[in-house]
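Per-entry structural report
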Amino acid sequence: MRFFIYRKTFFYKLALYFFFTFIISSNAMAQTSEEFDEMTITLSVQRIGTFEIPGVIKGQTVYLGIKEVFDFLKIRNIVSSNMDSISGSFINAKALYLIDYTKNVIQFNETKTELGKNGLIKTATNLYLKSDFFGSVFGLDCVFNFRSLSVTLYSKVELPVVKEMQLELMRRNISQLKGEKKADTIIARKFSALNIGTFDWSVISTQDKGYPSNSRINLGVGGILLGGETSMFFNYNVDQPINLREQFFNWRIVNNEHPSLKQISVGSIFSTSVALLRNPVIGAQVTNTPTTYRRSYGSYRLSDKTEPNWLVELYVNNVLVNYIRADASGFFSFEVPLVYGNSNVRLRFYSAWGEEQTKEQNISIPFNFVPLKKLEYRVISGIVSDEIQSRFARANFNYGLSSHMTIGGGYEYLSSVTSGPSIPFINTSLRIGSKLLVSGEYAAGVRTLAVVSYRLPSTAQFDFNYVTYVKGQTAIPFTYVDEKKIIFTAPFHSKKSSTFTRVTLNQITLPTNTINSAEVLLSYMKKNVSTNFTTFALFNSPAEPYIYSNLSLTFRLAKGIRVIPQAQYEYNLKDFSLLKLEFEKKVFNNGFLNLVYENFATSNNEYYTLAFRYNFSFTQTSFTVRTSKLTQTTSQMARGSMIYDDKFGNLVLSNQNNLGRGGFVISPFLDLNWNGKKDPGEPKAMGLKVNINGGRIVQNLKDTTNQVYGLEAYTNYFMDLTRSDFDNVAWQIKKPTLNVVVEPNHFKLIEIPVVVFGEIGGMVYTKTENGLKGQSRIIINIYDSTGKQVARTISETDGYINYIGLQPGNYYAMPDEVQMLKLGYTSTPRIEFKIKRSRDGDIFDAIKFTLTK
């Protein structure tokens, strides 16, 4: 049996609307101001997707079905029995609301909003709310497009459905890391000899009044050479000659399955070191540390700053493990899980309005643990790309002495260190209980450092860092005698707000004096308001203490407007040194308009800034004008990425950096002979959907493929394949879950066999005195030509039988003999049939069994 699903398209909805408009206008004498049209509206929500919901068009105004919108956003709602009110809680269980049709009001928390005569529309089956009130009351701004009969919804708050999606993503990642999720098919890595497939680019031009203009061009090229990831970065300033030290090249081959050698890198290498390296090393590196995530025990709190209200994602070895939103000043804090071995801990930053202007920042954790009885090493050697081309070499190892203690050591050489180029060192990391972490390192002739972190039961944390330097050492070009730092952090959370406190005390001892500094930070978030108050003090005798406080706030208003006031007060001047006010509004869906006023009292100068950013699908662009009494600066920027699909000859354009990342080309085909391979003559299959825990998906309707790009290299991704949009119900995917490893700077072709199932149909009757009668609950077994049972089905209430899922071949069907014996029935003989190979799936519907008592 075939079921044909008719989908309402835009043209159908538009034709329907104009039909009703024509009928109404032709009877204009009889209509009143209360007439409206009830129809389907397409609702689109950023980062979630689209959904069709019932709506009402009245003039040029759209009303949306309240229950359907809230159901889609997973907001709790209860509809009254007579459909005249809807109540529930909005995101927070205590944030109660009531939408009352009889009184024409919305009661939300302590606020009552009068809706007036045209705020709500009630029909026999639904209750509709004017779209403007979704924004003004709940912060769900709705933009109605009359031409396409669609509504785009923007939320000022994190919706439950978005949080659920993020949590589900993290759960899937954690399940993947623990090995809990199993795939139907594992697609291993293939090594290519040569391929160039990724290009990142950016152009920045700046014009200062009274000065020559300046332009910078950056180009990144990524590919595969001899099976290794190859990355090249070219940086060019039009006003300066090409500087070879600003150009980068790196070739890296990774094999996490090898027992003793997992990574080899050649080219520009950024290395950890005892001595201070200001430039990368041109050389080679080998290590047996894998690129995968390996969870240890415990966590370590890290805090930093970015732009105000940006979303920050935490990745450990390319796996998303947490995310948080920065406060009004850009401050954020993370619980970073401790991992085994040297790990790549990285942050990504996204603007508050989903701009996705990504920048990356590597962070370091002062604790290094290795699994029990495991030895990990890293060796690097080369030339530092500085002016004197210093020779550099470093070899270090770490060994898991116990599950709570790791010891290590090594040797470092830097020819430019005049106090002694050879630096042997030892280090250890120790976990005492579940609350105390200790790390230490001794580098001969250079320094001794210790880090202690203690977590209180209340989740408050004390960190103590101490570094003492050997007198006369030049490996680290500071004249410090020692450094001490104490950090106290304490988060507080409630159902309606969150507070974070950090106190930092620093002391730097110099040969002639001591510098002390202190910072007290208080971050507070509640609903649509974010607040940050920071006080900083510097004591450097005999100079007068320098103390200032900074207050930053962010207000999220209606219509997608953010207001950010900021003030800095200097106690020495007994006056404000900075007053700043910023307005930001999202425009044209992907555009952002910024207006900024700054007043610097210390320099008696005022600055006005106008900035406009727009994100196309293929590039990010911005235009900025900054002016004051003395100067005016304008700048323009464009950046993007190109990825070449060598399998199908397609070029994918993106507004995000993709160098070092990889992707897949998912190509479904009809596997007519069921051998799992694409053979000549087997056609493509349209309608496959791909779900994956990361990256971006582009569906190419021309060649039926799905391109997934922006994936982290050397990471295993799980893909779920669904057939919801296949043209034919007989098309099925036998193995819908894949585990695929990503290859950098490359699209991996994955051909998905879609098998075409055969179908049978018929009836089961019982012979009675009055003739034949359909018999329910009779088991029908299906056997192949060898007599092996391959399927079974049960007759329905009216005796009808149906089964879909047979591959081409010869079969026979018969009622279950054991059941027949129990019921005391005999049946007509078995029925033989053949399922033919067909693109649409063969149907044999002539099965008929008659049972006799």
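Below or above, wherever it landed, is the structure these notes cover. (Residues numbered from 1 in each chain as written. Predicted model: local features only at pLDDT ≥ 70, side-chain atom pairs only at ≥ 80, totals over all residues. Heavy atoms only, no water.)

**Remarks on the nonpolar core**
Generally speaking, nonpolar side chains in soluble globular proteins are found buried as a group. Phe70, Leu73 and Phe138 are the most contacted members of the largest nonpolar core, which totals 37 residues. If one sorts the elements of this core by residue count, helix H2 (residues 66-73) sits on top with 5 residues. Ignoring any residue separated from it by four or fewer positions in sequence, one finds Phe138 in contact with Phe70, Phe90, Tyr97, Ile99, Ile106, Phe108 and Phe133. Core analysis: the next-biggest nonpolar cluster, separate from the first, contains 24 residues, Leu670, Leu711, Ala730 and Trp731 among them. (Core = buried A, V, L, I, M, F, W, Y, C linked by side-chain atoms within 4.5 Å. Buried < 20%, exposed > 50% of the residue type's maximum accessible area, 1.4 Å probe, protein only. Helix = DSSP H or I, 4+ residues; strand = E, 2+ residues; numbered from the N terminus. Contact = heavy atoms within 4.5 Å.)

**Looking at the packing of aromatic side chains**
One pass over the full model with this rule turns up 26 aromatic pairs. Aromatic pair Tyr811 and Phe833: ring centres 5.8 Å apart, planes at 20 degrees, arrangement stacked. Remark: Phe833 occurs in strand E60 (residues 831-835) and Tyr811 occurs in strand E58 (residues 809-815); sequence separation between them is 22 residues. With respect to burial, Tyr811 and Phe833 carry one shared label: buried. Three or more aromatic residues link up through ring pairs in this structure, and these residues are Phe70, Phe90, Tyr97, Phe108, Phe134 and Phe138. Over the aromatic face of Tyr607 sits the side chain of Arg626, whose NZ or CZ is 4.2 Å from the ring centroid. For the cation-ring pair, Arg830 lies above Tyr812, with the distance from its terminal atom to the ring centre recorded as 3.9 Å. (Phe/Tyr/Trp six-rings, centres within 6.5 Å; stacked < 30°, edge-to-face > 60°. Lys NZ or Arg CZ within 6 Å of the ring centre and 35° of its normal.)

**Regarding the pairing of strand E5 (residues 85-89)**
Burial analysis of E5 places 4 of its 5 residues in the buried class, the great majority of the element. Sheet analysis places strand E4 (residues 78-79) next to E5, joined by 2 bridges and oriented antiparallel. Across the sheet, Ile78 pairs through a bridge with Ser87, a residue of E5. As paired strands, E5 and strand E6 (residues 96-100) are joined by 5 bridges and run antiparallel to one another. For Gly88, the partnering residue across the bridge sits in E6 and is Tyr97. If you look at the hairpin formed by E5 and E6, you'll find 6 residues sitting between the two strands, and Ile91 has a positive phi there, around 65 degrees. (Pairing = 2+ DSSP bridges.)

**Remarks on the sheet that holds strand E48 (residues 705-712)**
Paired through their backbone hydrogen bonds, the strands of a sheet run either parallel or antiparallel. What the 5 strands build is an open sheet, ordered E47-E48-E45-E52-E50; its pairing is mixed. With partners counted over all chains shown, the strands left at the sheet margins are strand E47 (696-700) and strand E50 (731-732), one partner each. Here 5 bridges tie E47 to E48, and the two strands are oriented antiparallel to one another. When the sheet's bridge partners are listed, Asn700 is paired in E48 with Thr705.

**Describing the environment of Thr206**
Inspection of the secondary structure puts Thr206 in strand E14 (residues 194-208). The spacing of Thr206 and Gln636 is 430 residues in sequence and 6.7 Å in space, taken between C-alpha atoms. The residues touching Thr206, leaving out its near neighbours within four places in the chain, are Ser213, Asn214, Thr633, Thr634 and Ser635.

**Some points on H2**
All of the buried residues along H2 are Ile66, Val69, Phe70, Phe72 and Leu73. All buried residues of H2 project into a common sector of 160 degrees when viewed along the axis, lining one side. In the segment just after H2, Lys74 is the residue with positive phi, at about 60 degrees. (Arc of directions from axis to C-beta.)

**Observations regarding the side chain of Thr619**
By the secondary structure assignment, Thr619 is in strand E42 (residues 619-627). Of note is the side chain of Thr619, whose polar atom sits 2.7 Å from the backbone oxygen of Arg639. Residues within four places of Thr619 in sequence aside, it is in contact with Trp201, Tyr614, Ala638, Arg639, Gly640, Ser654 and Asn655. (Polar contact = N/O pair within 3.5 Å; in protein donor to acceptor, adjacent residues only side chain to side chain.)

**Details of the sheet that holds E60**
Read across the sheet, 4 strands follow the order E56-E55-E58-E60 without closing on themselves; strand pairing throughout is antiparallel. Each edge of the open sheet carries a strand with a single partner, namely strand E56 (789-794) and E60. Direction aside, neighbouring strands of the sheet carry axes that sit 25 degrees apart on average. Examined bridge by bridge, strand E55 (residues 779-784) and E56 share 5 bridges and lie antiparallel to one another. Its bridge partner lying in E56, Asn781 is registered against Arg792. (Axes fitted to C-alpha atoms, helices over the stretch in contact; angles between N-to-C directions.)

**Digging into the pattern of salt bridges**
Evaluated as defined, the whole model comprises 12 salt bridges. For Arg394, the salt bridge goes to Glu412, with nearest N and O atoms at 2.6 Å. Here Arg394, found in strand E27 (residues 391-402), pairs with Glu412, found in strand E28 (residues 405-414); they are 18 residues apart in sequence, far enough to count as distant. A residue is classified by how much of its surface remains accessible, and Arg394, at 9% relative accessible area, is buried. Under the relative-accessibility criterion, Glu412 is labelled buried at 0%. The partner of Arg502 in a salt bridge is Glu519, with the nearest N and O atoms 3.1 Å apart. In this pair, Arg502 is assigned in strand E34 (residues 497-509) and Glu519 in strand E35 (residues 514-526), connecting sequence segments 17 residues apart. Exposure class is identical for Arg502 and Glu519. Each is buried. When salt bridges that share partners are traced, they join Arg562, Glu584 and Arg613 into one network. (Salt bridge = Lys/Arg side-chain N within 4 Å of Asp/Glu carboxyl O.)

**Topic: the pairing of strand E33 (residues 482-493)**
Remark: a regular strand shows side chains that alternate across the two faces of the sheet. Of the strand pairs in this sheet, strand E32 (residues 461-469) and E33 are connected by 8 bridges, and their pairing is antiparallel. Note that in E33 the partner of Thr468 across the bridge is Asp482. Examined bridge by bridge, E33 and E34 share 12 bridges and lie antiparallel to one another. Counterpart to Ile486 in the pairing with E34 is Leu505. A loop of 3 residues connects E33 with E34, the two strands running antiparallel in sequence.

Keep in mind that these numbers describe shape and distance, not what the molecule does.
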